[in-house]
Amino acid sequence: MESLKGKTALITGAGKGLGKALSLALAMEGVNLMLLSRTKEDLINVAAESSKINPGIQTDFKVADTANFASVSAAISDLTKTLGPVDILINNAGIIKFGNFMNLTVEEWEAVIRTNLLGAYYCIHEILPGMMERKTGDIVNVSSTAGLRGSPTTSAYSASKFGLIGLSESLMLEARKSGVRVFTATPSTIATSLTKDIGLTDGDPEKVLQPEDFAEMIIAHLKLSRRALVKDVSIWSTNP
Ligand SMILES: NC(=O)c1ccc[n+]([C@@H]2O[C@H](COP(=O)([O-])OP(=O)(O)OC[C@H]3O[C@@H](n4cnc5c(N)ncnc54)[C@H](OP(=O)(O)O)[C@@H]3O)[C@@H](O)[C@H]2O)c1
């Protein structure tokens, strides 16, 4: 297993849920953190918790909207001025809008596609050239089991997550030749505000997947020898 100590990770959607769990788990590994989401208070809290877990790491954050290229580009430019190049990019920011196809508005569709799919593209656009030049780097794209199969009321979300898998797999085949690993995660239901708000994860916490489980899985893959690339992985509850 490779050590992640001293590397720098940019995590989108770092303010809560999976992004927060990933940030805290990376802090424990000695990884410097660039945190990005739209709610400043959440980022302040995650930065403080991370520094408490590991006072040896550097942490910075920027309020930014992954649905907006100018916002993402400015945030990444500022963060890399302070903390240097990004070794690990985790495209995690995401939203979901439920509704039958014709009940979702054009604005809702656009927001989901911009945040979940274009947001990942924008971050990769800004960070990949440096990784290619340095011939190393890891990009984790957080899709969903909703990116593997459609279901009623999630047309926009599924479209964004299917799209992200297409982006991720295509980029993986290009970037591996330059030593950059691109990895797609397709988690099943995990207890975060995204799922709690709709009562999907009210069950026994011993049985329902928790954000920490997801973070542990991602860290294990990032620590694999650089000769090994995990293309994609689904994580499920053992017995929900
Ligand atoms: N939880 C699950 O069961 C599950 C399953 C499969 C896949 N996923 C995926 O996992 C990722 C994380 O989900 P989660 O469950 O942790 O959700 P969550 O608890 O709602 O957290 C989402 C995070 O993303 C940020 N975010 C949302 N829109 C953003 C934007 N436009 N720009 C920047 N940041 C934004 C949110 O902060 P702000 O609102 O403050 O910006 C928040 O920090 C998502 O991509 C989701 O689709 C989750």
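Residues numbered from 1 in each chain as written. Predicted model: local features only at pLDDT ≥ 70, side-chain atom pairs only at ≥ 80, totals over all residues. Heavy atoms only, no water.

S.K.: Hey, could you run me through the pairing of strand β2 (residues 32-37) in this one?
M.R.: The two faces of a sheet get side chains in turn, since along a regular strand they alternate between them. Of all six residues in β2, six are buried, a share of seventy percent or more. Side chains Asn32, Met34 and Leu36 of β2 all project onto a buried face; the interleaved residues Leu33, Leu35 and Ser37 project onto the opposite face, where all are buried too. One ladder, built from five bridges, connects strand β1 (residues 8-12) with β2; its direction is parallel. Bridge pairing in β2 places Ala9 opposite Leu33. Once you follow β1 into helix α1 (residues 17-28) and on to β2, the crossover reads as right-handed. Direction of pairing for β2 relative to strand β3 (residues 59-63): parallel, over a ladder of five bridges. When the bridges of β3 are listed, Ser37 appears paired with Val63. Following the chain from β2 across helix α2 (residues 40-53) to the adjacent parallel β3, one finds a crossover that is right-handed. (Buried < 20%, exposed > 50% of the residue type's maximum accessible area, 1.4 Å probe, protein only. Helix = DSSP H or I, 4+ residues; strand = E, 2+ residues; numbered from the N terminus. Pairing = 2+ DSSP bridges. Right-handed = clockwise from strand over helix to strand, strands pointing away.)

S.K.: I tried to follow the packing of helix α4 (residues 106-134) against helix α5 (residues 155-175) on my own but got confused; where do I start?
M.R.: Axis angle and axis distance: for two packed helices, these are the angle between their axes and the distance between the axes, and together they describe the pair. Viewed as axis vectors pointing N to C, α4 and α5 meet at an angle of 15°, and their least axial separation amounts to 8 Å. Relative to α5, α4 is oriented roughly parallel. In this structure, α4 meets α5 at a crossing whose hand is right-handed. Two secondary-structure elements touch here, α4 through Trp109, Val112, Ile113, Asn116, Leu117, Ala120, Tyr121, Ile124, Leu128 and Met132 and α5 through Ser155, Ala156, Tyr157, Ala159, Ser160, Lys161, Gly163, Leu164, Leu167, Leu171 and Ala175. Its residues assigned to classes, the contact of α4 with α5 comprises 16 nonpolar, four polar and one charged. (Axes fitted to C-alpha atoms, helices over the stretch in contact; angles between N-to-C directions. Parallel < 35°, antiparallel > 145°, perpendicular 65-115°, else oblique. Left-handed = near helix turned anticlockwise from the far one by under 90°. Contact = heavy atoms within 4.5 Å. Nonpolar A, V, L, I, M, F, W, Y, C, P; charged D, E, K, R; others polar.)

S.K.: Just to check I follow, could you spell out the pairing of strand β4 (residues 88-91) for this structure?
M.R.: Because side chains alternate across β4, one face comprises the buried residues Ile88 and Ile90, and the other comprises Leu89 and Asn91, equally buried. Strand direction decides the pairing type here: β4 and strand β5 (residues 137-142), joined by four bridges, are parallel. Within β5, the residue paired with Ile88 across the bridge is Asp138. In this region the chain leaves β4, passes through α4 and returns to the parallel neighbour β5; the handedness of that crossover is right-handed.

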